[in-house]
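Structure at a glance
One-letter residues, chain by chain:
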Amino acid sequence: PWSTGESDEAPLVCYVGLENEMLIRVHVDANSGELSKDFRARPLGARSRDDPAQAVKLFKVSAQGKPGVLALCSRPWLSYSHQGTGRITPLAYDAMEYGAAFSSPQCPEGIVCVIGTTLRILSVHHYGEVFQQQAVRVAYTPRKCALLKA
């Protein structure tokens, strides 16, 4: 859990990005600095064996006014706290090379990222909702879409 509800202080959490596209999250004792024996490991990368694994790069960002972590590998992920629960959500966006927290009058809480030779500014809305897009390669260009009723 991210918060026990007993105090306003959020627990210390250590994130580790591995070269095999795994993200490890472990709690740190605030008094002794010891790592918890209970840790969470999550695969973040591509699901196909043909795609090469990339090391996970971690960047500190802000999500809903609280600290969050942007994890980048073959897919971007955002780790944040929503209603007292830790969430790790994939971002439906292109693979990013670098990211950082961004704030301006037009975008009070955003993420600035580098994708290839472009600099992009993102804003995350609807925290806690599940949304993901996936590109599917087709052999032929579709000409029409048909709605099939089950």
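The following refers to the structure shown.

Rules used in this analysis
- Residues numbered from 1 in each chain as written.
- Predicted model: local features only at pLDDT ≥ 70, side-chain atom pairs only at ≥ 80, totals over all residues.
- Heavy atoms only, no water.
- Pairing = 2+ DSSP bridges.
- Helix = DSSP H or I, 4+ residues; strand = E, 2+ residues; numbered from the N terminus.
- Axes fitted to C-alpha atoms, helices over the stretch in contact; angles between N-to-C directions.
- Core = buried A, V, L, I, M, F, W, Y, C linked by side-chain atoms within 4.5 Å.
- Buried < 20%, exposed > 50% of the residue type's maximum accessible area, 1.4 Å probe, protein only.
- Contact = heavy atoms within 4.5 Å.
- Phe/Tyr/Trp six-rings, centres within 6.5 Å; stacked < 30°, edge-to-face > 60°.
- Lys NZ or Arg CZ within 6 Å of the ring centre and 35° of its normal.
- Salt bridge = Lys/Arg side-chain N within 4 Å of Asp/Glu carboxyl O.

Concerning the sheet that holds strand E7 (residues 85-90)
On the basis of which strands lie adjacent, the open sheet formed by four strands has the order E4-E5-E6-E7 and antiparallel pairing. Here the strands that pair on one side only, and so sit at the sheet edges, are strand E4 (57-63) and E7. Across the sheet, the mean angle separating the axes of adjacent strands is 25 degrees when strand polarity is ignored. Direction of pairing for strand E6 (residues 76-82) relative to E7: antiparallel, over a ladder of six bridges.

Concerning the sheet that holds strand E1 (residues 12-17)
A sheet is described by the order of its strands in space; here three strands give the open sequence E1-E2-E3, paired in antiparallel fashion. Each end of this open sheet is capped by a strand with a single partner; those strands are E1 and strand E3 (35-43). Across the sheet, the mean angle separating the axes of adjacent strands is 20 degrees when strand polarity is ignored. Sheet topology places E1 next to strand E2 (residues 22-28); six bridges connect them, and they run antiparallel. Counterpart to Gly-17 in the pairing with E2 is Leu-23.

Overview of the nonpolar core
Counting residues in each nonpolar core, the largest one holds 14 residues, and the members touching the most others are Leu-70, Leu-78 and Met-96. Taken together, the elements giving at least two residues each to this core come down to E4, strand E5 (66-72), E6 and strand E9 (110-115). With residues up to four places along the chain from it excluded, the contact list for Met-96 reads Leu-72, Cys-73, Pro-76, Leu-91, Cys-113, Val-114, Ile-115 and Leu-122. Core analysis: the second largest hydrophobic core is formed by nine residues, Leu-23, Ala-71, Cys-73 and Ile-88 among them.

Observations concerning the packing of aromatic side chains
Tallied over the full model, the rule gives one aromatic pair. Ring centres of Phe-59 and Tyr-98 lie 6.3 Å apart, and the angle between their planes is 75 degrees; this geometry places the pair in the edge-to-face category. Placement of Phe-59 in strand E4 and of Tyr-98 in strand E8 (residues 98-102) is noted, with a sequence separation of 39 residues between them. The exposure class of Phe-59 is buried, given its relative accessible area of 17%. The side chain of Lys-57 reaches across the aromatic face of Tyr-98, ending 4.5 Å from its centre.

Brief notes about the pattern of salt bridges
Across all of its chains, the model carries two salt bridges by this definition. A salt bridge links Asp-38 to Arg-40, with the nearest nitrogen and oxygen atoms 3.6 Å apart. Here Arg-40 falls in the partly exposed class, since its relative accessible area comes to 48%. A salt bridge links Asp-94 to Arg-120; the nearest nitrogen and oxygen atoms lie 3.1 Å apart.

The values are spatial; any link to function lies outside them.
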